[in-house]
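Observations on the three-dimensional arrangement
Here are the chains, one letter per residue:
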2 protein chains.
Amino acid sequence: MSMIVEILKQRIRQEGRNLGGGILKVDSFLNHQVDATLMMLVGKEIARRMGRLGATKVLTAEISGIAPALMTAWALDVPVVYARKHKPVTMPERVYVQQAPSHTKGGGVELMVSPEFLGPGDQVLIVDDFLATGRTISALVGLVRQSGATLVGIGAVIEKRFEGGRAGLEGLGVPIEALVVVERMEGDEIVFAEE
Amino acid sequence: MSMIVEILKQRIRQEGRNLGGGILKVDSFLNHQVDATLMMLVGKEIARRMGRLGATKVLTAEISGIAPALMTAWALDVPVVYARKHKPVTMPERVYVQQAPSHTKGGGVELMVSPEFLGPGDQVLIVDDFLATGRTISALVGLVRQSGATLVGIGAVIEKRFEGGRAGLEGLGVPIEALVVVERMEGDEIVFAEE
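To start, this report covers the structure provided alongside it. The structure displayed is predicted, hence computed values, not measured ones.

1. A closer look at the relation of the copies chain A and chain B
When chain A is fitted to chain B, the best match, at an RMSD of 0.0 Å, comes from turning it 180 degrees and sliding it 0.0 Å along the axis. Viewed as a symmetry operation, the transformation between the two copies matches a two-fold axis. For chain A, the minimum C-alpha distance to the rotation axis belongs to A:I63 and amounts to 3.2 Å. The share of interface residues of chain A whose copies in chain B are also at the interface is 100%, consistent with both copies meeting through the same surface.

Take a look at the structure:
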């Protein structure tokens, strides 16, 4: 097991909090405060595992996916595109759009990517902070399809296996890697899957 | 002048678009698609210029500030906190809040930081993608003050000098650095300030 996996588990054990309802709070190093050094190791490890796939672009969703995706993109030496939830004035009229769940409001949110930055020539590695229900990642897969690009793999920092998202993504036939897999959470105890 | 400044100017000249109303579109390397290698150079350059200030934390605003702020934090070996615009379920009830302008909807948006990650012990370097009217950065300064932390400097990738934000921030008495300063935009021509 690589060093970063052990470090991540330790940080999750020490700083992660089970808020109930399947929610794992890791705001101290991944979601609100970001440990930049840790994130660099995360990016390098995802790149090490998935570099052979020949990605020409990393795709993620704003907001929490940006840090691990940027570091992965840096390690792979390719650009990263982050799908937007609100259309900025700089975005063209016609964009690719997919529905995704909202983590803040409940209900849904739109994820948008400009055709300027995703197209048939791209080999896309999707990277997100969590693989949970898989619905955000499925929305990103939908954007890849709309653009005519090719999906080559899916990477996540933390998988919450008890939310079952991986099963729905395996039919895509691309490698799926999560650096750390949480099997279940019981009170204060966070139980990792056996390697 | 350092290499990264020349590279940034070249990218802005080649890929930047003046959309009118003071809006400079740089979606191909900074705001929607991010050039990770470029962003690493940006982070190192901000760190080189401001490392002497002894920052213990980098503070930015989601979304577009995250990439340059993360790379700066990496280069300084400190954590980065990104102020949130929507309260995730993991955020505590009581947070620091400041009003900031919205880039997508017009009107305003709230910027929030959890007291868990910003407090009296922190020396804060604010890093954002743009220094324009200065209102987003002023909101971040407000969050630093609310938390009891100390502001030590302000860094931005691109300053739009014609929007005048710097003047309002100079009274803070901390160093302000922008890697590239746009003096004005005339049609397709983007004019940089003299060094």
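From this point, the discussion proceeds with the structure in view.
2. Observations regarding the environment of A:M112
Looking at where A:M112 falls in the secondary structure, it is placed in strand 7 (residues 108-113). The class of A:M112 is buried, set by a relative accessible area of 6%. Linking A:M112 and A:A61, residues 51 residues apart in sequence, is a C-alpha distance of 9.0 Å. Each residue touching A:M112, except ones within four places of it in the same chain, is listed here: A:A83, A:R84, A:K85, A:H86, A:K87, A:M91, A:V95, A:Y96, A:V97 and B:H32.

3. Concerning helix 5 (residues 135-147) of chain B
All names here are of chain B. Under the 1.5 Å per step criterion, the end-to-end length of helix 5 is 19 Å for 13 residues, consistent within 8% with the ideal 18 Å. Turning to helix 5, its buried residues are T136, I137, A139, L140, V141, G142, L143, V144 and S147. The positive-phi residue at the C-terminal boundary of helix 5 is G148, with phi of around 85 degrees.

4. Remarks on the packing of helix 4 (residues 66-76) of chain A against helix 4 (residues 66-76) of chain B
One can describe the packing of helix 4 of chain A onto helix 4 of chain B by two numbers: an axis separation of 10 Å at closest approach and a directional angle of 70 degrees. Comparing their axes, helix 4 of chain B and helix 4 of chain A come out roughly perpendicular. As helix 4 of chain A packs across helix 4 of chain B, the resulting crossing turns out to be right-handed. For the pair helix 4 of chain A and helix 4 of chain B, contact is made by A:I66, A:A67, A:L70, A:M71 and A:W74 and by B:I66, B:A67, B:L70, B:M71 and B:W74, respectively. Considering only residue class, the contact of helix 4 of chain A with helix 4 of chain B consists of ten nonpolar, no polar and no charged.

5. Description of the side chain of A:T60
Residue and element names in this part refer to chain A. Turning to its location among the elements, T60 is positioned in strand 4 (residues 57-61). The class for T60 is buried, based on a relative accessible area of 0%. Within the structure, the side chain of T60 is placed 3.4 Å from the backbone oxygen of G65, a separation counted as a polar contact. In this structure the side chain of T60 is engaged in a polar contact, spanning 2.7 Å, whose partner is the backbone oxygen of V127. When near neighbours in sequence (up to four residues on either side) are disregarded, T60 contacts G65, I66, A69, V80, V81, Y82, A83, V127, D128 and L140.

6. Observations regarding the packing of helix 3 (residues 36-50) of chain A against helix 4 of chain A
All names here are of chain A. Viewed as axis vectors pointing N to C, helix 3 and helix 4 meet at an angle of 55 degrees, and their least axial separation amounts to 7 Å. For the element pair helix 3 / helix 4, the angle class is oblique. As for the relative orientation of helix 3 and helix 4, their crossing is right-handed in sense. Facing A36, M39, M40, V42, G43, K44, I46 and A47 of helix 3, the residues of helix 4 in contact are A67, P68, M71, T72, W74, A75 and L76. Here the contact of helix 3 with helix 4 is composed, by residue class, of twelve nonpolar, two polar and one charged.

7. Some thoughts on the sheet that holds strand 9 (residues 150-160) of chain B
Across a sheet, paired strands are connected by hydrogen bonds in the backbone, their directions being either parallel or antiparallel. Ordered by their spatial adjacency, seven strands build an open sheet running 3(A)-5(B)-4(B)-8(B)-9(B)-10(B)-11(B), and the pairing between neighbours is mixed. Because the sheet does not close on itself, it has two edges, and the strands there are strand 3 (33-34) of chain A together with strand 11 (189-192) of chain B. Examined bridge by bridge, strand 4 (residues 57-61) of chain B and strand 8 (residues 123-131) of chain B share three bridges and lie parallel to one another. Across the sheet, the residue bridging to B:L59 is B:I126, located in strand 8 of chain B. With respect to the sheet, helix 4 of chain B is in contact with strand 3 of chain A together with strand 4, strand 5 (80-83), strand 8 and strand 9 of chain B, its orientation differing from that of strand 4 of chain B by roughly 175 degrees. Where helix 5 of chain B meets the sheet, it contacts strand 4, strand 5, strand 8 and strand 9 of chain B, and its direction lies at approximately 165 degrees from that of strand 8 of chain B.

8. Describing the interface of chain A and chain B
With 45 residues of chain A at the contact, the number on the chain B side is 45 residues. Carbon and sulfur atoms supply 63% of the area buried between chain A and chain B, which totals about 3900 Å² over both sides. At the surface where chain A touches chain B, the tally comes to two salt bridges. Across the pair A:E116 and B:K25 runs a salt bridge whose closest N-O atoms are separated by 2.9 Å. If you list the elements that add at least two residues to the side of chain A that touches chain B, you get strand 2 (23-25), helix 2 (27-31), strand 3, helix 3, helix 4, strand 5 (80-83) and strand 7 of chain A. Residue classes in the side of chain A that touches chain B are distributed as 26 nonpolar, eleven polar and eight charged. Inspection of the sheet shows strand 3 of chain A paired to strand 5 of chain B by two bridges, in the antiparallel sense. Counterpart to A:Q33 in the pairing with strand 5 of chain B is B:V81.

9. Points about the pattern of salt bridges
Going through the model one piece at a time under the given rule, you end up with 26 salt bridges over all chains. Residues A:R48 and A:E45 are paired through a salt bridge, measuring 2.8 Å at the closest nitrogen-oxygen approach. With a gap of three residues between them, A:R48 and A:E45 both fall in helix 3, about one helical turn apart. For A:R48, a relative accessible area of 59% puts it in the exposed group. You can call A:E45 buried: its relative accessible area is 6%. Residue B:E15 pairs with B:R11 through a salt bridge whose shortest N-O separation is 2.5 Å. Of this pair, B:E15 and B:R11 both sit in helix 1 (residues 3-15), four residues apart, roughly one helical turn. Among the charged side chains, a salt-bridge network with shared partners connects A:E45, A:R48, A:R49 and A:E177.

What counts, and at which threshold
Residues numbered from 1 in each chain as written. Chains lettered and ligands numbered in written order. Predicted model: local features only at pLDDT ≥ 70, side-chain atom pairs only at ≥ 80, totals over all residues. Heavy atoms only, no water. Least-squares fit on C-alpha atoms with pLDDT ≥ 70 in both. Contact = heavy atoms within 4.5 Å. Helix = DSSP H or I, 4+ residues; strand = E, 2+ residues; numbered from the N terminus. Buried < 20%, exposed > 50% of the residue type's maximum accessible area, 1.4 Å probe, protein only. Expected span 1.5 Å × (residues − 1). Axes fitted to C-alpha atoms, helices over the stretch in contact; angles between N-to-C directions. Parallel < 35°, antiparallel > 145°, perpendicular 65-115°, else oblique. Left-handed = near helix turned anticlockwise from the far one by under 90°. Nonpolar A, V, L, I, M, F, W, Y, C, P; charged D, E, K, R; others polar. Polar contact = N/O pair within 3.5 Å; in protein donor to acceptor, adjacent residues only side chain to side chain. Pairing = 2+ DSSP bridges. Buried area = accessible area lost by both parts, 1.4 Å probe. Salt bridge = Lys/Arg side-chain N within 4 Å of Asp/Glu carboxyl O.

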